[in-house]
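What the coordinates show
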Amino acid sequence: MSEERQRGKNVGGSNTVARRHSLTGEASPSRRRSSVAVWPEHFVESVAVQVAVDATLSEGRLAAGPAIVHFFQVCSTWRGMSQSEMLWQDLTNRVWSHHHRQLPSWREEFIQLHRTARNFRMRRSAHSHLLAPTCPAKSCCCLSISDTYLAAGFLDGNVCVFTLPGGEPIANFSCHPSRDRLGRFSQCISGLAFLSNPTRVVFAYRDGDIHVAPLNDGPLGTSHRAHAGDVVVDGPLLDFSGNDRWWIGLFAGAPGRSWHVWEADTEQLIYVGGSLTDAGALMGWYMLTDFGAPVVGRVRLAGSRIAVGCSSSRIQVMDLDNPGFIINELAVQQGELAVDSVDATSEEKIVYVDLNGLAKVCRVPTLDEICRFDALRREMQGQNQGEAARVVACMNWGYVICFSGWAGAWDAQTGVFLYRFRERVRNVVAAVANNRYVAAWSADSGLHLWDFGVM
């Protein structure tokens, strides 16, 4: 065979192989791979974040971690990219809605949040008993919690602040003069909030006074009065909430003055108005003389710029960027709303319970229902004969915790009942939760704390 013929045969063979691979879709062994097939790092990170977000939307936040692990098993190059701090910061923000890092790296922050969420799901927590009730005047009126502090406001006007996770008391504030202004309970604490820049606690009294105190002045800290209340003009302050940008108060007693909004930076009152609590104005006055009177109204922040206020028959959603503008309103249809069983999260969700024990989780500001469930669980309530069927509810990013003679947890997305707390905590009058902790005050046994961030 001539050299030219042999060359032609080889060429023909190569062409045949190339044609076969092109028809079957296989890569030709003679074809050089393009350098474009090597994905740039920022592209891989974007795909990884999208994989985690898709897993979260379809199966829940706990599915994001395994999805990321499987994604980075594709090749060693991608595994190397998985060390990017920007990647883990983006993942933490998108999956867990968490924007402040407490651990040395964002990767550790993501892992800690995943572990905490799994602990919530599996009922794995450390329980602490922080404070026992010593006298009726030391009854707790409200609780507030952050990543590092827990505050309790009492009937006698005192505020006690504890560190987390240890639960050690670090400060006690008693700023209100001992006087009765139209009622013996006018000096009790109506609401608390933590401010992060700098670290301070703001607390409001039932007569409308608002005080701000730093948390680094020792056990007997000092405060300044940011606002002097006028209970004769506004009526009693039913509830108070706030963040680094806004403070919101809900009053009852004077028509057309339900909502009060302050700018947190300047401590200036910028809006007064609304008729949310006008129907309960008389009951608002009773709260100055009767601590056991039904709660007339409650206000919560749902996100950075949305406030949710409720009475026994209505829920209103206010845009704080335009104070006084009511985005949405919902009239409760099935029974009156149990006002002390309303809570909201920074992820723009709220939970409320009616007097029949039916709990509903809704999106804000549309108030579209996400799920509903029986917060009393009649088969369990039957074990507690003689106990009042009163529900106190609180919610974090993924779970609703209800206290009604016993404590239980529900999935906030599906309404599925998950478990009953091991500890028997009865007669709960106040409860609060965040991503890691649940705290509750029992009139029988005092202040309890559950830490779900344990290893």
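Please refer to the structure placed before this passage.
Residues numbered from 1 in each chain as written. Predicted model: local features only at pLDDT ≥ 70, side-chain atom pairs only at ≥ 80, totals over all residues. Heavy atoms only, no water.

1. Considerations on a nonpolar patch on the surface
- A cluster of nonpolar side chains, namely Leu-182, Val-232 and Val-233, defines an oily patch on the protein surface of about 280 Å² accessible area.
- Mapped onto the secondary structure, Leu-182 falls in the loop between strand E5 (169–173) and strand E6 (189–196). (Patch = residues over 30% accessible without salt bridge, like charges linked within 9 Å, V, L, I, M, F, W, Y side chains within 5 Å. Areas by Shrake-Rupley, 256 points an atom, 1.4 Å probe, with all protein chains shown as cover. Salt bridge = Lys/Arg side-chain N within 4 Å of Asp/Glu carboxyl O. Helix = DSSP H or I, 4+ residues; strand = E, 2+ residues; numbered from the N terminus.)

2. A look at the sheet that holds strand E14 (residues 298–301)
- Taken in spatial order, the 4 strands of this open sheet run E14-E15-E16-E17, and their pairing is antiparallel. Sheet topology places E14 and strand E17 (325–331) at the edges, where each strand pairs with a single neighbour. Sheet twist, expressed as the mean angle between neighbouring strand axes with direction ignored, is 20°.
- Of the strand pairs in this sheet, strand E16 (residues 314–319) and E17 are connected by 6 bridges, and their pairing is antiparallel. (Pairing = 2+ DSSP bridges. Axes fitted to C-alpha atoms, helices over the stretch in contact; angles between N-to-C directions.)

3. Remarks on the sheet that holds strand E21 (residues 369–374)
- Taking strand neighbours across the sheet as the criterion, the 4 strands line up as E18-E19-E20-E21 in an open arrangement whose pairing is antiparallel. Of all the strands in the sheet, the pair left with one neighbour each is strand E18 (337–345) and E21. Within the sheet, the average angular offset between the axes of one strand and its neighbour, ignoring direction, is 15°.
- Taken together, the 5 bridges between strand E20 (residues 358–363) and E21 define a ladder with antiparallel strand orientation. Its bridge partner lying in E21, Cys-362 is registered against Glu-369.

4. Quick notes on the pairing of E5
- Where strand E4 (residues 159–163) meets E5, 4 bridges bridge the pair, whose relative direction is antiparallel. Directly across from Val-161, in E5, lies its bridge partner Ala-171.
- The hairpin turn running from E4 into E5, its antiparallel successor, is 5 residues long, and Gly-167 in that turn takes a positive phi close to 80°.

5. Thoughts on the layout of surface pockets
- The volume enclosed by the second largest pocket comes to roughly 710 Å³.
- Forming the walls of the second largest pocket are 26 residues, and the residues nearest its centre are Thr-56, Gly-60, Arg-61, Lys-349 and Gln-413.
- Looking at the lining of the second largest pocket, the elements that each hand over two or more residues are helix H2 (41–59), helix H5 (85–96) and helix H6 (106–122).
- The leading source of residues in the lining of the second largest pocket is H2, at 4 residues. (1 Å grid on protein atoms, 1.4 Å probe; cavity = no way out; pocket = protein on both sides within 12 Å on 5 of 7 lines; lining within 4 Å. Points joined across faces, edges and corners; volume = space filled by probe spheres on them.)

6. Quick word on the packing of aromatic side chains
- As enumerated under the stated definition, the model contains 22 aromatic pairs in all.
- Pairing Phe-120 with Tyr-399 gives two aromatic rings, centres 5.4 Å apart and planes at 10°, and the pair type is stacked. With a gap of 279 residues between them, Phe-120 in helix H6 and Tyr-399 in strand E23 (residues 399–403) connect regions that are remote in the sequence. Accessibility classification places Phe-120 together with Tyr-399 in one group, the buried group.
- Consider the rings of Phe-154 and Trp-441, whose centres lie 5.6 Å apart with planes at 85°: the pair is edge-to-face. Linking Phe-154 in strand E3 (residues 149–154) with Trp-441 in strand E27 (residues 437–442), this pair joins segments that are 287 residues apart in sequence. (Phe/Tyr/Trp six-rings, centres within 6.5 Å; stacked < 30°, edge-to-face > 60°. Buried < 20%, exposed > 50% of the residue type's maximum accessible area, 1.4 Å probe, protein only.)

7. A word on helix H3 (residues 64–71)
- For H3, the set of buried residues is Ala-64, Gly-65, Ala-67, Ile-68 and Phe-71. Axial view of H3: buried residues confined to an arc of 165°, hence all on one face. (Arc of directions from axis to C-beta.)

8. Some details on the pairing of E20
- Extensive coverage of E20 is indicated by the burial of 5 of its 6 residues.
- Across 5 bridges, the pairing between strand E19 (residues 349–354) and E20 is antiparallel. Counterpart to Val-351 in the pairing with E20 is Val-361.
- Hairpin geometry of E19 and E20 is characterised by an intervening segment of 3 residues between the two adjacent antiparallel strands and by a positive phi of about 90° at Gly-357.
- Remark: 5 residues form the turn of the hairpin made by E20 and E21, two consecutive strands paired antiparallel; Leu-367 in that turn has positive phi of roughly 65°.

9. Concerning the pattern of salt bridges
- Summed over the entire model, instances satisfying the criterion amount to 14 salt bridges.
- In this structure, Glu-85 engages Arg-101 in a salt bridge whose closest nitrogen and oxygen atoms are separated by 3.7 Å. Of this pair, Glu-85 sits in helix H5 while Arg-101 sits in the loop between H5 and H6, and the two are 16 residues apart along the sequence.
- According to the relative accessible area criterion, Glu-85 is partly exposed, its value standing at 32%.
- A salt bridge links Asp-319 to Arg-305; its shortest N-O distance comes to 3.0 Å. Taken together, the residues span a long stretch of sequence, with Asp-319 in strand E16 and Arg-305 in the loop between E14 and strand E15 (306–310) at a distance of 14 residues.
- Classification of Asp-319 by relative accessible area gives buried; the value is 13%.
- Counted as one network, the salt bridges with shared partners bring together Asp-239, Arg-298, Arg-300 and Asp-343.

Keep in mind these values describe shape, not function.
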